[in-house]
Amino acid sequence: MTQEKDILTIPNKAFRFLPHDYPDAKNLPAAPADVEPFMAAEPDMKRVWVVRDNALVPVTIKTGVSNGAVTQVISGIGENDVVAVEYDMGMPQMGMPQGMGDGERSPFAPQPPGQRKK
């Protein structure tokens, strides 16, 4: 087993990210009008989307080893690049009543040990 220090890694979900246009959303990078399928010339070449000048830009990177959660980046992006992995529009979680998920507990949730029901 070898160990390396100071390697650049990105989450594997960056490889599954596809840009979408959300016209009503604010502060999201602009998505390209059309997204072409990515065909890698070599198995270690992958496409990721990088935020540059408030726009999503496709970048081809060369990858190294992966542990299933993160993958080593050999070349194509640097440590200061912002790689898109998902959209976060500040919306409430699906299936959660308004106000839940921001510190409030459901009255139906089990109580922590030592607390009595009111």
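Before reading on, note that the structure itself is shown above.
Residues numbered from 1 in each chain as written. Predicted model: local features only at pLDDT ≥ 70, side-chain atom pairs only at ≥ 80, totals over all residues. Heavy atoms only, no water.

Colleague: Explain the nonpolar core here, please?
Modeller: Where a protein is soluble and globular, its nonpolar side chains tend to be buried together. With 9 residues, the main nonpolar core is built from Ile 10, Ala 14, Val 48, Val 50, Val 59, Ile 61, Val 73, Ile 77 and Val 83. Put simply, the parts of the chain that give this core at least two residues each are strand S2 (45–52) and strand S3 (55–66). The residues contacting Val 59, other than those within four sequence positions of it, are Lys 46, Arg 47, Val 48, Val 50, Arg 52, Gly 76 and Ile 77. (Core = buried A, V, L, I, M, F, W, Y, C linked by side-chain atoms within 4.5 Å. Buried < 20%, exposed > 50% of the residue type's maximum accessible area, 1.4 Å probe, protein only. Helix = DSSP H or I, 4+ residues; strand = E, 2+ residues; numbered from the N terminus. Contact = heavy atoms within 4.5 Å.)

Colleague: Explain the environment of Val 85 to me, please; I cannot follow it from the model alone.
Modeller: Here Val 85 shows up in the segment after strand S5 (82–83). Judged by its relative accessible area of 24%, Val 85 is partly exposed. Residues Val 85 and Trp 49, 36 residues apart in the sequence, show an inter-C-alpha distance of 8.1 Å. Residues within four places of Val 85 in sequence aside, it is in contact with Pro 11, Lys 13, Ala 14 and Phe 17.

Colleague: Explain unusual backbone geometry here, please?
Modeller: Peptide bonds are trans in most cases, and residues, glycine excluded, mostly fall at negative phi. Positive phi values are uncommon outside glycine, yet Asp 6 reaches one of about 55°. Its location among the elements puts Asp 6 in the segment before strand S1 (8–11). Although it is not a glycine, Asp 53 sits at a positive phi angle of roughly 50°. Take Asp 53: it is sitting in the loop between S2 and S3. The exposure class assigned to Asp 53 is exposed, which follows from its relative accessible area of 82%.

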